[in-house]
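Residues per chain are reported as follows:
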Amino acid sequence: MVEKITYIESGQFHPYKNLAVEEYLLLHCEPQECILYLWQNQNTVVIGRNQNAWKECKVESLEENGGHLARRLSGGGAVYHDLGNLNFTFLVSKENYSIDRQLEVIVKAVQKLGAKAEKSGRNDILIDGKKFSGNAFYEQEQHCYHHGTLMMNVNKEMLSKYLTVSKEKLQSKGVDSVKSRVTNLVDYIPDLTLEALKKALREAFEEVYGLTSNECKMEDLDQKEIEMRTKHFSSWDWRFGRKIDFQYEISKRFSWGQMNIQFQVDKGKISDVNVYSDSLKPMTIEKLPKYLKGIRYHKKNICSELRLYWAEDKQEEEMIADIIEWIKEEEL
Ligand SMILES: Nc1ncnc2c1ncn2[C@@H]1O[C@H](COP(=O)(O)OC(=O)CCCC[C@@H]2CCSS2)[C@@H](O)[C@H]1O
């Protein structure tokens, strides 16, 4: 049970230091504690643990304009941050980790400000069917975090300037997909301020957990350790040189297109999946990782998981059947 809740804000906008503080809090969080950490990065693209920086982001253009490319510990896609974006992180032990409860805090905070947010099936939180918050998750032994963005008033021109749209997304949503998928909270709450959003989050945090929060200050943390972790997050090796070692890769050409799947396997389970295809039904392909993440890396398991795939039409059904037949033949 959560017995203690802690609130902490970062007062600076440096992505590497903010990520270092996040990792520090992850490792120093007490077993019965839940920490809510709020932070902002200036002009930064944050990529997922297993992404290729150059593939996801126009790094040169970003850096020419004084921006930063950062890599986080959690998986998932690339997002853009400026001071119109507020990040939240819930840090908690595995025992007390509840994505639903954590999301409830966000939904409640937005509700207090006068808008109606809803969780999506994926890792997004939506208003009016549009995403204003992207979420990602990380676990290290008994320590977990769930973090996400909150777009208050992000510069969407910059967002679409620096993020590269994948071929799959481009085909499904058109050229402007990066921009048109997202929305800012100010469009629904015109007088919204950063302070009001932080206040609503802290209040909702206390209400959902039924406890009063203690505030922790950045100065209370061990500066030496944070400095050491900051160095790591800002290093070239971590940001660009990280070997994205997907251990297993299979590919095949079907009548409906080329397909390539990469599996990352940890302790026998699929911890990450990348799927690429030039098929004209990219949504079918994009949904696959959701089915495969977390299951045992075994042909039988993969096939039975894929048989659960909820096909929306005949064509999708046939594609999935083709993929299952293919996996059956592969040497996995
Ligand atoms: N700031 C921000 N917030 C929400 N959505 C964004 C943002 N920037 C870009 N996008 C949109 O999300 C997709 C990528 O979605 P995708 O679902 O691929 O990835 C994510 O959402 C990852 C969220 C990571 C959150 C972390 C929290 C603290 S550090 S970063 C991109 O192409 C844009 O269309």
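For clarity, every value in this text was computed on a predicted model and none was experimentally measured. (Residues numbered from 1 in each chain as written. Predicted model: local features only at pLDDT ≥ 70, side-chain atom pairs only at ≥ 80, totals over all residues.)

1. Considerations on the overall build of the chain
Phase 1: Regarding its fold elements, the chain presents 13 helices and 14 strands.
Phase 2: At 20 Å, the chain has a C-alpha radius of gyration in line with the 20 Å of a compact globule built from 332 residues.
Phase 3: Overall, the C-alpha framework of the chain stretches about 60 × 40 × 40 Å when taken along its three principal axes.
Phase 4: Residues counted as buried form 33% of the 332 residues belonging to the chain.
Phase 5: Within the chain, contacts between residues separated by at least 24 positions form 67% of all contacts whose residues are at least 6 apart in sequence. (Helix = DSSP H or I, 4+ residues; strand = E, 2+ residues; numbered from the N terminus. Rg over C-alpha atoms; globule rule 2.2 N^0.38 Å. Buried ≥ 20, exposed ≤ 12 C-beta atoms within 10 Å, placed from the backbone. Contact = placed C-beta atoms within 7 Å.)

2. Focus on the packing of helix 1 (residues 15-28) against helix 9 (residues 223-234)
Phase 1: Contact pair helix 1 / helix 9: the axes reach a minimum separation of 8 Å and the direction vectors enclose 125°. Compared by their axis directions, helix 1 and helix 9 come out oblique. Along this stretch, helix 1 crosses helix 9, giving a crossing that reads as right-handed. Residues Tyr 16, Lys 17, Leu 19, Ala 20, Val 21, Glu 23 and Tyr 24 of helix 1 form the contact with helix 9, whose participating residues are Glu 225, Ile 226, Arg 229, Thr 230, Phe 233 and Ser 234.
Phase 2: Residues that form the contact of helix 1 with helix 9 fall into these classes: seven nonpolar, two polar and four charged. (Axes fitted to C-alpha atoms, helices over the stretch in contact; angles between N-to-C directions. Parallel < 35°, antiparallel > 145°, perpendicular 65-115°, else oblique. Left-handed = near helix turned anticlockwise from the far one by under 90°. Nonpolar A, V, L, I, M, F, W, Y, C, P; charged D, E, K, R; others polar.)

3. A few points about the sheet that holds strand 4 (residues 68-71)
Phase 1: Ordered by their spatial adjacency, three strands build an open sheet running 4-3-5, and the pairing between neighbours is mixed. If you trace the sheet from one side to the other, it starts and ends with strand 4 and strand 5 (79-81), each paired once. The sheet shows a mean angle of 30° between the axes of neighbouring strands, direction not considered.
Phase 2: In this sheet, strand 4 lies alongside strand 3 (residues 44-47) in parallel orientation, the contact comprising four bridges. Looking at strand 4, one finds that Val 45 is bridged to Leu 69.
Phase 3: In the packing of helix 1 onto the sheet, the strands contacted are strand 3 and strand 4, and the crossing angle to strand 4 comes to about 20°. (Pairing = 2+ DSSP bridges.)

4. Points about the site of the ligand
Phase 1: Inspection of the region around the ligand gives 25 residues, with Gly 76, Gly 77, Val 79, Gly 134 and Thr 149 positioned closest.
Phase 2: Elements supplying a minimum of two residues to the shell around the ligand: strand 5, strand 6 (85-93), strand 9 (130-140) and strand 10 (143-151).
Phase 3: The biggest single contributor to the shell around the ligand is strand 9, with five residues.
Phase 4: Broken down by class, the residue content of the shell around the ligand amounts to ten nonpolar, twelve polar and three charged. (Near = placed C-beta within 6 Å.)

5. Focus: the environment of Leu 83
Phase 1: Following the sequence through the fold, Leu 83 ends up in the loop between strand 5 and strand 6.
Phase 2: Counting along the chain gives 70 residues from Leu 83 to Asn 153, while the straight-line C-alpha distance between them is 8.0 Å.
Phase 3: In this view, Leu 83 contacts Phe 13, Gln 40 and Gln 42; residues no more than four positions away in its chain are not counted.

6. What about the nonpolar core?
Most often, soluble globular proteins keep nonpolar side chains buried together rather than apart.
Phase 1: Membership of the largest hydrophobic core comes to 60 residues, with the highest contact counts inside it found for Val 45, Cys 57, Leu 91 and Leu 201.
Phase 2: Ile 261, Phe 263, Ile 270 and Val 273 belong to the second largest nonpolar core, which has five residues in total. (Core = buried A, V, L, I, M, F, W, Y, C linked by C-beta atoms within 7 Å.)

7. Overview of the sheet that holds strand 1 (residues 4-9)
Phase 1: Strand order across the open sheet formed by eight strands is 7-8-9-10-6-2-1-11, with mixed pairing between neighbours. Of all the strands in the sheet, the pair left with one neighbour each is strand 7 (117-119) and strand 11 (213-216). For this sheet the average axis-to-axis angle between neighbouring strands, irrespective of direction, equals 20°.
Phase 2: Pairing analysis gives four bridges linking strand 8 (residues 124-127) to strand 9, with the strands arranged antiparallel. Paired with Leu 126 across the two strands is Lys 131, which belongs to strand 9.
Phase 3: The strands touched by helix 8 (residues 194-209) within the sheet are strand 1, strand 2 (33-39), strand 6, strand 10 and strand 11, with strand 1 carrying the most contacts at an inclination of about 170°.

8. A closer look at unusual backbone geometry
Most peptide bonds adopt trans geometry, and most residues besides glycine take a negative phi value.
Phase 1: Phi is positive for Asn 43, which is not a glycine, with a value near 40°.
Phase 2: The residue Asn 43 is located in the loop between strand 2 and strand 3 in this model.

9. A look at the pairing of strand 2
Phase 1: Where burial is concerned, most of strand 2 is hidden: five out of the seven residues are buried.
Phase 2: Direction of pairing for strand 1 relative to strand 2: parallel, over a ladder of six bridges. Within the sheet, the bridge partner assigned to Glu 9 lies in strand 2 and is Leu 38.
Phase 3: For the handedness criterion, the β-α-β arrangement of strand 1, helix 1 and strand 2 is classed as right-handed. (Right-handed = clockwise from strand over helix to strand, strands pointing away.)

10. Here's the deal with the domain arrangement of the chain
Phase 1: Partitioning the chain into domains gives domain 1 (4-240) and domain 2 (248-329).
Phase 2: Taking only C-alpha atoms, the centre of domain 1 and the centre of domain 2 are 29 Å apart. (Domains from an automatic or database assignment.)

11. Here's the deal with the confidence of the model for the chain
Phase 1: Per-residue pLDDT for the chain averages 90, and the proportion of residues at 70 or more is 94%.
Phase 2: For residues 170-175, every residue scores under 50 in pLDDT, and the model assigns this stretch nine contacts once sequence neighbours within four places are set aside.
Phase 3: What the predictor reports for the complex is a pTM of 0.77 with an ipTM of 0.99. (pLDDT = per-residue confidence, 0-100.)

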